[in-house]
Amino acid sequence: MYKCISWFISFISIISCNSTKERVAHQEKVVVIQENNSQDTLLPIKELYYQKWVAGIKGGGSGIDFYIELKEALNKDIFLENVRYDVYDAIIEKISETSYVAHMRTPLNDMILDENPQKEYGNQAPATKLKTNEAIITFTVNNKRIVQKFENVKEKELLAYPSMKPKNNEE
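From a predicted model like this one, the values you see are computed outputs, not experimental measurements. (Residues numbered from 1 in each chain as written. Predicted model: local features only at pLDDT ≥ 70, side-chain atom pairs only at ≥ 80, totals over all residues. Heavy atoms only, no water.)

Now for the pairing of strand S8 (residues 135–141). Counting buried positions along S8 yields six of seven residues, so the element is predominantly enclosed. With seven bridges joining them, strand S4 (residues 78–85) and S8 adopt antiparallel strand pairing. Note on S8: the bridge partner recorded for Asn82 is Thr138. Pairing of S8 with strand S9 (residues 144–150), which is carried by seven bridges, proceeds in the antiparallel orientation. Bridge pairing in S9 places Val141 opposite Lys144. What sits between S8 and S9 in their antiparallel hairpin is a turn of two residues, with Asn142 showing a positive phi close to 50°. (Buried < 20%, exposed > 50% of the residue type's maximum accessible area, 1.4 Å probe, protein only. Helix = DSSP H or I, 4+ residues; strand = E, 2+ residues; numbered from the N terminus. Pairing = 2+ DSSP bridges.)

Tallying each qualifying case throughout the model produces three aromatic pairs. Considering the side-chain rings of Phe66 and Tyr85, the 6.0 Å spacing of their centres and the 40° angle between planes classify their relative orientation as tilted. Of this pair, Phe66 sits in strand S3 (residues 62–70) while Tyr85 sits in strand S4, placing them 19 residues apart in sequence. Following the ring pairs from residue to residue traces out a cluster consisting of Tyr50, Phe66 and Tyr85. Sitting over the ring of Tyr49, Lys156 keeps its end group 4.6 Å from the ring centre. (Phe/Tyr/Trp six-rings, centres within 6.5 Å; stacked < 30°, edge-to-face > 60°. Lys NZ or Arg CZ within 6 Å of the ring centre and 35° of its normal.)

Of note, Glu81 is situated in strand S4. The buried category is assigned to Glu81, whose relative accessible area is 17%. Apart from residues lying up to four places away in sequence, Glu81 is in contact with Ala90, Ile91, Ile92, Thr138, Phe139, Thr140 and Arg145. (Contact = heavy atoms within 4.5 Å.)

Tallied over the entire structure, the rule returns five salt bridges. A salt bridge links Asp89 to Arg84, with the shortest nitrogen-to-oxygen separation between them at 3.2 Å. Accessibility expressed as a relative area gives 47% for Asp89, which makes it partly exposed. As a salt-bridge pair, Lys94 and Glu97 come within 3.2 Å of each other at their nearest N and O atoms. (Salt bridge = Lys/Arg side-chain N within 4 Å of Asp/Glu carboxyl O.)

Here the protein chain averages 74 in pLDDT, and 58% of its residues register 70 or above. Mean pLDDT across the elements of the protein chain bottoms out in helix H1 (residues 2–28) (50) and peaks in strand S6 (residues 93–94) (97). Segment residues 18–28: pLDDT under 50, and two contacts once partners within four positions in sequence are set aside and those in other chains are kept. (pLDDT = per-residue confidence, 0-100.)

With that out of the way, let us pick up the nonpolar core. Soluble, globular proteins show a tendency: their nonpolar side chains are buried together. Core analysis: the largest hydrophobic core is formed by 27 residues, its most contacted members being Leu43, Phe66, Ile68, Leu80, Met104 and Ile137. For this core, the secondary structure elements donating two or more residues are strand S2 (45–54), S3, S4, strand S5 (88–91), strand S7 (99–106), S8 and S9. (Core = buried A, V, L, I, M, F, W, Y, C linked by side-chain atoms within 4.5 Å.)

The next point concerns the pairing of S5. Here S5 shows a clear split, with Tyr88 and Ala90 buried on one side and none of Asp89 and Ile91 buried on the other. Taken together, S4 and the strand that follows it, S5, pair antiparallel across an intervening segment of two residues, in which Asp86 is found at a positive phi of about 60°.

A few words now on unusual backbone geometry. With the exception of glycine, the majority of residues adopt a negative phi angle, and the majority of peptide bonds are in the trans configuration. Phi angles above zero are rare outside glycine, and Asp86 is one such case at about 60°. Structurally, Asp86 can be placed in the loop between S4 and S5. Classification of Asp86 by relative accessible area gives buried; the value is 19%. A positive phi is found at Asn152, a non-glycine position, where the angle reads about 65°. Within the element layout of this structure, Asn152 appears in the loop between S9 and strand S10 (154–155). Owing to a relative accessible area of 59%, Asn152 belongs among the exposed residues under this scheme.

In structure tokens, the structure reads:
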């Protein structure tokens, strides 16, 4: 009987410790929203830019690749999560110690554009968007989530992929 009671008390204490840890961890994830000011950011931003791309065939797709170039590698306690540009959100992927990219798929090449509005049935209007030169980057620093708005995002030249592979000149 004594073993059952001690086992039960041990079980309850383990459960309460785990739930306490989860509550503390949840409380540490505070969202801090900051406006862009080069002195205020925790990210050593060198350049923010995006490049739109479109496939050379109808239905081949289109998108925006959003690039984050840093002056130096991030500290171990900083983790880039996602970026919002225009009406699109995407997860940030690491390319190198100082380069990151987020791939955003857009419906541009999948939309039906026609003089007859009836043929455009199914197209959806875009949601509310940021200004052309603005982006919002979400990142964590020591388990604190920070949402920061950046301005002066540059646009690079459109990448238009060819519609088909070039033919060989072999006869």
